[in-house]
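Overview (structure and organization)
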Protein chains: 2
Amino acid sequence: MLPYFRGRWDRMLIERWDRMLMKGPVRRLIPGTLLVVLLSCASPGCAPAAQDSDGVPGSISSAAPLPSWNDGAAKQAIIEFVTAVTAVGSADFVPVAERIATFDDDGTLWVEQPIYAQIAFGLDRIRELAPQHPEWQSTEPFKSLLEGNMEGVAAAGEQGLVQILLAGHTGMTTDEFVGIVESWISTARQPRFDRLYTELAYLPMVELIAYLQANGFKTYIVSGGGIEFMRPWTEQVYNIPPEQVIGSSIKTTFEMRDGSPVLVRQPEVFFVDDKEGKAIGIQKFIGRRPIASFGNADADIPMLQWTLAGEGRRLAMLVHHTDAEREYAYDRDSHVGTLARGLDDAAAGGWSVIDTKSDWARFFAFEQ
Amino acid sequence: MLPYFRGRWDRMLIERWDRMLMKGPVRRLIPGTLLVVLLSCASPGCAPAAQDSDGVPGSISSAAPLPSWNDGAAKQAIIEFVTAVTAVGSADFVPVAERIATFDDDGTLWVEQPIYAQIAFGLDRIRELAPQHPEWQSTEPFKSLLEGNMEGVAAAGEQGLVQILLAGHTGMTTDEFVGIVESWISTARQPRFDRLYTELAYLPMVELIAYLQANGFKTYIVSGGGIEFMRPWTEQVYNIPPEQVIGSSIKTTFEMRDGSPVLVRQPEVFFVDDKEGKAIGIQKFIGRRPIASFGNADADIPMLQWTLAGEGRRLAMLVHHTDAEREYAYDRDSHVGTLARGLDDAAAGGWSVIDTKSDWARFFAFEQ
């Protein structure tokens, strides 16, 4: 999810945002308490010791694969799939060039609770920009937001939310935006864990990416999030380079400034890489159908369907967050990463479900 | 160029198309004489013996690089650049991950005269589809086109041209379109050379792609042409995989048909990857700035500017077609690949010019 607001997709964002603002537990997290509220990370349930950590991230390809996964159906399905498609002579063999794997980002590769990192970024942007916008002190919805008055923000309606999110994401050059994202992502902390957002990448999924790469796969992110919000850090965090990141984006314009070209970010949607848009985005950006894909929400189902509809052996999986103690437990009623049809239709649809509580021995690299 | 028709870009297409239809020498090529007209390929000027062919395509990386290039400033500039950015310890060294090179397609990597291959494809599509559209026998502009009456086609104006081109490119699924393109590209012949269009890839440029790849570059096509018109054959012809092809595209919609997802090509523009759109497309699709880029027309200048504006050593070149005997000679007044500013501003802009007559010893792989 990200701050672009046209048609069906923006209504969805707005609805979720509204629910998020209005619901008790989450409402308390909205600024200025966003970075204050929190479950103590000294508590036993917050950052438990890894239950199985024979492997270390650096030795993934030389040791047994997927060390942060418990033995079980999910791990077995992954290893059997990779073994089948890489064994020369196997009926399921797939040439290296066609080994494409796609991953959703929020909730699949890193934590998306209590709000998407990009939403937290958007809120922080307003606070950061406020000194350059004295008019915001008396203009809604900025006035209410800066005062921490979320009822006032909500009263400004959809248009107010649009204003808030666009204010922080557009008007600058693409190069300037990279600097803004890099600065935020290297300092902002997720409230529950009091860690950098990038520290909240799921170690089992990072291992899965590395395992696939070691077996000749080209790994892509296919996220509803902003493509230019992700690209500055995906290489470092997931070992996925910018050219293998697909996401939502806004329009940009080419301008010459002082004899040098810049691309300027405009407040207009270019592409929404969510739901059906994930299959469309894969075809636009990659032009090959993935043979494996991984998500965590109903919004990822079209990507899984597109993957599974190709010929030959395929793997499609959804991460189901079931561990409230070690991370979060949410599905049908969640304001982010809603997962209902993904559970109900798994057998009929041909995808399988990863149960974080039972399948993941360790969630994060910082857990020892 | 391709059959999408919105705003500035479609006006440009229409203007060019009009000029093409109305000009004497080209007008004679328009169907049904398209595949008939022709300069004899038995003539000495049509397919001359290579002037320097020590190297063979298969031995590019082991022998001296760029065997189909004559020694000269262009070849020297390429080799010096690659040597500088790949030498560990060099002040100009660039890590492998950042060695991105982008190439225009029509007129840079393969022949674009007398009309773009994709335009020839569009015209052939109408003839192919005519039996399924008996109404075309009495409906303009199809009636005139099928009768070979180009005045009648022109009389239908812009809207008529739009109808013609959209009819052949939309309405089918993306998978179906791949089959259509593959069938055409494996049989259609360019009129002057009486060769498959794919045989008219420029051997010096294919060698350049291979030379860059052998030196750790990731090579991309960045073309105004249709992304799904190119992807079915670029891997075989240029060794550039579909995921490294950027081009113009139309919108697609996700539909379930008989329980399986398809993407259906719609008659609406998604992205025009031409002129400024080339810089925008590079940022959208790659998210890294190229360090080298190659084009042949004024429409490629924004891509060169975007490339040259980065820090560190850069290389930007334009192919100038100067050899009417061995291929074509055209620049300022050409209906395709117009090149004027690219020549006038080369020194000030920082790009250099490849002169095909003097720089290319051999044009095509089929020349012995």
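Everything quoted here is computed from the prediction, not taken from an experiment. (Residues numbered from 1 in each chain as written. Chains lettered and ligands numbered in written order. Predicted model: local features only at pLDDT ≥ 70, side-chain atom pairs only at ≥ 80, totals over all residues.)

Right, let's get into the overall build of chain A. Scanning chain A from terminus to terminus reveals 15 helices and 10 strands. Sequence separation of 24 or more characterises 67% of the internal contacts of chain A that already satisfy a separation of 6 or more. (Helix = DSSP H or I, 4+ residues; strand = E, 2+ residues; numbered from the N terminus. Contact = placed C-beta atoms within 7 Å.)

Residues and elements named next belong to chain A. In this model, chain A carries an average pLDDT of 84, and 82% of its residues clear a pLDDT of 70 or more. Contacts from residues 1-61, a stretch scored under 50 in pLDDT, to residues over four places away or in other chains number 106 contacts. Reported for the predicted complex are a pTM of 0.83 and an ipTM of 0.82. (pLDDT = per-residue confidence, 0-100.)

Below, the discussion takes up the environment of A:Arg289. With respect to the helices and strands, the residue A:Arg289 is situated in the loop between α11 (276-285) and β7 (292-295). In sequence terms A:Arg289 and A:Ile115 are 174 residues apart; their C-alpha atoms lie 31 Å from each other.

Turning our attention to the relation of the copies chain A and chain B. Rotating chain A by 180° and translating it 0.0 Å along the rotation axis places it on chain B, where the RMSD comes to 0.0 Å. Here the symmetry operator amounts to a two-fold rotation axis. Relative to the rotation axis, the closest C-alpha in chain A is found at A:Phe285, a distance of 3.3 Å. Interface residue correspondence from chain A to chain B reaches 100%, placing this contact among same-surface, isologous pairings. (Least-squares fit on C-alpha atoms with pLDDT ≥ 70 in both.)

A few words now on helix α12 (residues 301-308) of chain A. Most of α12(A) sits inside the fold, with 8 of its 8 residues counted as buried. Residues of α12(A) that are buried include every one of A:Ile301, A:Pro302, A:Met303, A:Leu304, A:Gln305, A:Trp306, A:Thr307 and A:Leu308, and no others. (Buried ≥ 20, exposed ≤ 12 C-beta atoms within 10 Å, placed from the backbone.)

This part takes up the environment of B:Val262. Turning to its location among the elements, B:Val262 is positioned in strand β6 (residues 260-271). Contact partners of B:Val262, with chain neighbours within four places excluded, come to B:Thr173, B:Glu255 and B:Arg257.

This part is about the interface of chain A and chain B. Listed as interface residues are 26 residues of chain A and, on the opposing side, 26 residues of chain B. Taken together, the elements giving at least two residues each to the side of chain A that touches chain B come down to β5 (245-257), β6 (260-271), α11 and α12 of chain A. In terms of residue count, the dominant contributor to the side of chain A that touches chain B is α11(A) (6 residues). Classifying every residue of the side of chain A that touches chain B by side-chain character gives 14 nonpolar, 7 polar and 5 charged. (Nonpolar A, V, L, I, M, F, W, Y, C, P; charged D, E, K, R; others polar.)

Residues and elements named next belong to chain A. Where α11 meets α12, the axes come as close as 6 Å, and the angle between the chain directions of the two elements is 50°. Relative to α12, the element α11 lies oblique. Where α11 crosses over α12, the handedness of that crossing is right-handed. Residues Glu276, Lys278, Ala279 and Ile282 of α11 lie in contact with α12, whose contacting residues are Pro302, Met303 and Trp306. Here the contact of α11 with α12 is built from residues that sort into 5 nonpolar, no polar and 2 charged. (Axes fitted to C-alpha atoms, helices over the stretch in contact; angles between N-to-C directions. Parallel < 35°, antiparallel > 145°, perpendicular 65-115°, else oblique. Left-handed = near helix turned anticlockwise from the far one by under 90°.)

This part takes up the pairing of strand β4 (residues 218-226) of chain A. Residue and element names in this part refer to chain A. With respect to burial, β4 is a largely interior element, 9 of its 9 residues being buried. Here strand β1 (residues 100-103) pairs with β4 via 4 bridges, running parallel. Directly across from Ile100, in β4, lies its bridge partner Lys218. (Pairing = 2+ DSSP bridges.)

We now examine the pairing of strand β8 (residues 315-322) of chain B. Residues and elements named next belong to chain B. When you tally the buried positions in β8, you get 7 out of 8 residues, the bulk of the element. The sheet contact formed by strand β7 (residues 292-295) and β8 spans 4 bridges and is parallel. Considered in β8, the bridge of Ser293 is made with Ala316. Taking the residues between adjacent antiparallel strands as the criterion, β8 and strand β9 (residues 329-330) are bridged by 6 residues.

Next up on the list: helix α8 (residues 174-185) of chain A. Residue and element names in this part refer to chain A. With 12 residues, α8 should reach 16 Å at 1.5 Å per residue; the first-to-last C-alpha distance of 16 Å fits that figure. For α8, the set of buried residues is Phe177, Val181 and Trp184. Each buried residue of α8 sits inside an arc of 65° when the element is viewed along its axis, so together they form one side. Exposed residues lying more than 90 degrees from the buried face of α8 are Gly179, Glu182 and Ser183. (Expected span 1.5 Å × (residues − 1). Arc of directions from axis to C-beta.)

Let us now look at unusual backbone geometry. Residue and element names in this part refer to chain A. A cis geometry characterises the amide bond from Gln113 onward to Pro114, with omega recorded as -5°. Inspection of the secondary structure puts Pro114 in the loop between β1 and α4 (117-129). Residues Glu140 and Pro141 are joined by a peptide bond in cis, for which omega reads 5°. Position of Pro141 among the secondary structure elements: in the loop between α4 and α5 (142-146).

This brings us to the environment of A:Ser352. Residues and elements named next belong to chain A. In this structure, Ser352 sits in strand β10 (residues 352-355). Classification of Ser352 by C-beta neighbours within 10 Å gives partly exposed; the count is 16. Spatially, the C-alpha atoms of Ser352 and Glu112 are 21 Å apart, while their sequence positions differ by 240 residues. Excluding residues within four positions of it along the chain, Ser352 makes contact with Ala74, Ala77, Met317 and Ala346.

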